Every structure is written in C-alpha cells, then in structure tokens.
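Listed below are the residues making up each chain.
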Amino acid sequence: MPTRIIRDGILTSDRVNALSSNAELFYRRLMSVADDHGRFSANLMLLRASCYPLKLDSVKEDSIKKHLAECVDAGLIVPYT
C-alpha cells in the first residue's frame with residue numbers, strides 16, 4: 001500500500017466540497033488504494049472490493065458507479081484507457 005499524506009487543503013477544496021458525503025468518502029478511500037501516480041482500475045467490482053473490503057454487503061456496485069461519476073464530474077478523477 002502506498003504511503004499517503006492527505007493535506008489539509010482537502011478540507012477547503014471547492015471540488016471536494018461539491019461532492020455528496022458518500023462520494024467524498026469514496027474519494028478519500030480511493031486515495032488509499034491508488035498507486036503512487038494516483039492510478040487505479042475503474043472496474044466497479046475491483047473498486048468496491050478495494051475501497052470497501054469490510055462493507056461488501058452494504059455497498060453496492062451501483063453506488064460505486066454513482067460516486068465515481070460524481071468525482072469525474074467534479075474534476076477530481078480523470079478516467080483514461
């Protein structure tokens with residue numbers, strides 16, 4: 001797992017503030033599993049299993065899809081192929 005320092009600027013970020021509470025939680029969890037370049041698979045099943053390993057029964061793939069789209073719309077995540 002990469003070492004991360006989350007700066008206090010995240011607390012005053014307009015982009016992060018634009019997210020719903022659940023999307024912000026997803027974004028923060030995603031930062032914990034992304035590699036040193038901020039990359040991770042956009043496969044919903046992998047995102048769900050990696051970001052919520054102890055909550056697989058309560059977090060559904062549809063929620064992950066919604067949170068991912070919200071982060072993309074806010075300009076926090078840039079998908080690529």
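Use the structure listed above.
The rules behind these values
- Residues numbered from 1 in each chain as written.
- Predicted model: local features only at pLDDT ≥ 70, side-chain atom pairs only at ≥ 80, totals over all residues.
- Heavy atoms only, no water.
- 1 Å grid on protein atoms, 1.4 Å probe; cavity = no way out; pocket = protein on both sides within 12 Å on 5 of 7 lines; lining within 4 Å.
- Points joined across faces, edges and corners; volume = space filled by probe spheres on them.
- Helix = DSSP H or I, 4+ residues; strand = E, 2+ residues; numbered from the N terminus.
- Nonpolar A, V, L, I, M, F, W, Y, C, P; charged D, E, K, R; others polar.

Undergrad: Quick one: what's the story with the layout of surface pockets, residue by residue and with numbers?
TA: Taken as a whole, the largest pocket spans an internal volume of roughly 490 Å³. As for the largest pocket, its lining consists of 20 residues, of which Leu30, Gly38, Arg39, Phe40 and Ile77 are closest to the centre. Mapped by element, the contributors of at least two residues to the lining of the largest pocket are helix 2 (21-33) and helix 4 (61-73). In terms of residue count, the dominant contributor to the lining of the largest pocket is helix 2 (3 residues). Here the residues of the lining of the largest pocket are counted per class, giving 14 nonpolar, 3 polar and 3 charged.

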